[in-house]
Amino acid sequence: VLFFPNQIAVLGGKGLKKEPDFLVCANGKWGILEVMGESYHTQDTATQDHERARIFKDYGVKVIEFYDSGKCYHDPDAVIEDFLNLLSKH
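Residues numbered from 1 in each chain as written. Predicted model: local features only at pLDDT ≥ 70, side-chain atom pairs only at ≥ 80, totals over all residues. Heavy atoms only, no water.

(A) Representation of the overall build of the chain within the structure. Across its full length, the chain holds 3 helices and 4 strands. Overall, the chain shows an N-to-C arrangement of helices and strands of β-β-β-α-β-α-α. Its C-alpha atoms give the chain principal-axis dimensions of about 35 × 30 × 20 Å. The buried share among the 90 residues of the chain stands at 32%. Of the contacts formed within the chain by residues at least 6 apart in sequence, a portion of 47% connects residues at least 24 apart. Taking the average location of the 10 positive side-chain charges in the chain and that of its 14 negative ones, the two points are 9 Å from each other. (Helix = DSSP H or I, 4+ residues; strand = E, 2+ residues; numbered from the N terminus. Buried < 20%, exposed > 50% of the residue type's maximum accessible area, 1.4 Å probe, protein only. Contact = heavy atoms within 4.5 Å. Lys, Arg positive; Asp, Glu negative; His and termini not counted. Charge placed at Lys NZ, Arg CZ, Asp CG, Glu CD.)

In structure tokens, the structure reads:
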């Protein structure tokens, strides 16, 4: 599995940058894992987050999944297993 953490992978140019939390490649399939938290990717930013997801989908990244930050912190293995399972199906 190859992954790029936030701000390493950027789509767009000046003023248009879109940065995924984690850009992941497994067995040649690309996906984005987003971490939802109290201070980032909140309900207040949901519209922008989904618009950003659509831009990545238009670019060819079809698997974009959002996970609760608490689950990512307390059970990261389960989050990764779930994400990679979903990615493998596409």
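(B) Representation of the packing of aromatic side chains. With the rule as written, the count across this model stands at 2 aromatic pairs. Taken together, a centroid distance of 6.4 Å and an interplanar angle of 10 degrees make the contact between Phe4 and Trp30 stacked. Of the two residues, Phe4 is situated in strand β1 (residues 2–5) and Trp30 in strand β3 (residues 29–36); the sequence distance between them amounts to 26 residues. Residue classification places Phe4 among the partly exposed residues on the basis of a relative accessible area of 27%. In this structure Trp30 comes out as partly exposed when scored by relative accessible area, which is 38%. (Phe/Tyr/Trp six-rings, centres within 6.5 Å; stacked < 30°, edge-to-face > 60°.)

(C) Structural context of unusual backbone geometry. A positive phi angle, close to 55 degrees, is found at Asn27, a residue other than glycine. You can see Asn27 is positioned in the loop between β2 (22–26) and β3. Given the relative accessible area of 80%, Asn27 is considered exposed.

(D) Fine view of the pairing of β2. For β2, the tally of buried residues reaches 4 of 5 residues, placing the bulk of the element in the interior. When β1 meets β2, the two strands line up antiparallel, connected through 4 bridges. Bridge pairing in β2 places Phe3 opposite Val24. Across 5 bridges, the pairing between β2 and β3 is antiparallel. What sits directly across from Cys25, in β3, is Trp30. Here β2 folds back onto β3 in antiparallel fashion, the turn holding 2 residues, of which Asn27 has a positive phi close to 55 degrees. (Pairing = 2+ DSSP bridges.)

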